Amino acid sequence: CVSFEYKRSSTACQLSSTCDRFDLTLNEVGNSYHWYLKVNDEVAISENPTPYAYLWLLDNLNEREVTSPAGVTSTNYYIGYNTGGCVGRNELLVTTKPVVEECAAECDKLSACVSFEYKREATNCHLSSTCNDLSLTVNEVGNSYMWYERANSYTGHATTGGNAYLWLMETPTSSPTMSPVTLEPTSIEPTCLHITTGGVRYDDGYLDVFVNTGDGNGYVGVTQSGVKYALNSVVLEKCYSGLVGLQVKNSNSNAWAGSIETSVDGGLSYTPMVCKDNCTPVGDSTASIVVDGDANGDRAVKCLNGDTCTLVNSGSWDSTA
């Protein structure tokens, strides 16, 4: 196979063993098919025959790092995640584009654009000036949106989550560059959880904890169900790589109350998490939180009636979402 054609409107995919030169194609601007010519990384292309060409690299990064390609002619590259983008962060532009390349071109025009989202089924194109980290996204495997993070620096640009691809989305003006390479990541500080039962009368109670580490398995239970935690006891003290969020639940009418904090510096300092879903008040700190199977628990943040409540790191909280 030397090339393939793809028609997004009908998902038609056609592979060729002979269509290996631009002059063999129809060369019609706006044609419903996109033509993709396979390029060997070891061979430099002498010239770009058309301004409508893009150089793409599809490489499953799987926690590896991106390093600079040889002979860089552009800084407009993107790390593509198939797990959805940010909520409420489409500040720069909301439009439709027939193909993802055109959405990328809109982002390229704006120096403030740090990422874009693209939904192929509806051709939705959303540009953002603040959605610049995976932890800010919904991070849902199978989400209908692809999220493309702009990577205009290759200084140890690491990806997380295992669902990322490097898209070398460059519009070559003369000669396309060689592809970037990927390396094993350097050490990245994990996020450490610290959940402690309060010391006030009636703080002891039952608590179930679930964590999402962005590995595609969603929220997974990390505590034993049916355990009653005593006053001042530690419910959980553990570090996780790529922690996306935390969920807590209590189906028992004996409420649990305490603090839920995270550390991003290896446990040197801790910061309370933030209430995101099913708890009240949304956006408030979990320095003091009650989780109860009925409705009579009383602390600054409440997770009541046996609900499953979602918490996120304070740095990931978006009050406009």
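Details of the structure are given in the entry above.
The rules behind each value
Residues numbered from 1 in each chain as written. Predicted model: local features only at pLDDT ≥ 70, side-chain atom pairs only at ≥ 80, totals over all residues. Heavy atoms only, no water. Pairing = 2+ DSSP bridges. Helix = DSSP H or I, 4+ residues; strand = E, 2+ residues; numbered from the N terminus. Phe/Tyr/Trp six-rings, centres within 6.5 Å; stacked < 30°, edge-to-face > 60°. Buried < 20%, exposed > 50% of the residue type's maximum accessible area, 1.4 Å probe, protein only. Salt bridge = Lys/Arg side-chain N within 4 Å of Asp/Glu carboxyl O.

Could you give an account of the sheet that holds strand β23 (residues 274-277), with specific residues and numbers?
Hydrogen bonds between backbone groups are what pair the strands of a sheet, and the pairing can be parallel or antiparallel. Judged by pairing direction, the sheet is antiparallel, and its five strands sit side by side in the order β17-β16-β20-β26-β23 without closing on themselves. At either end of the open sheet lies a strand with only one pairing partner, and these are β17 (220-221) and β23. The pairing of β23 with strand β26 (residues 309-312) spans three bridges and is antiparallel. Pairing of Val274 across the sheet is with Val312, part of β26.

With reference to specific residues and values, describe the packing of aromatic side chains.
Enumeration according to the criterion identifies one aromatic pair in this entry. Seen in terms of ring centroids, Phe116 and Tyr148 are 4.6 Å apart; in terms of plane orientation they differ by 15 degrees. Their pairing is stacked. Within this pair, whereas Phe116 is found in strand β8 (residues 115-119), its partner Tyr148 is found in strand β10 (residues 146-150), the two being separated by 32 residues in sequence. In terms of burial, Phe116 and Tyr148 fall into one category: buried.

So what's going on with the pattern of salt bridges? Which residues, and what values?
If you walk through the whole model with that rule in mind, you get six salt bridges. With a closest N to O distance of 3.0 Å, Arg21 and Asp23 form a salt bridge. For Arg21, a relative accessible area of 43% gives the class partly exposed. Look at Asp23 and you get exposed, because its relative accessible area is 58%. A salt bridge links Lys97 to Glu106; the shortest N-O distance between them is 3.4 Å.

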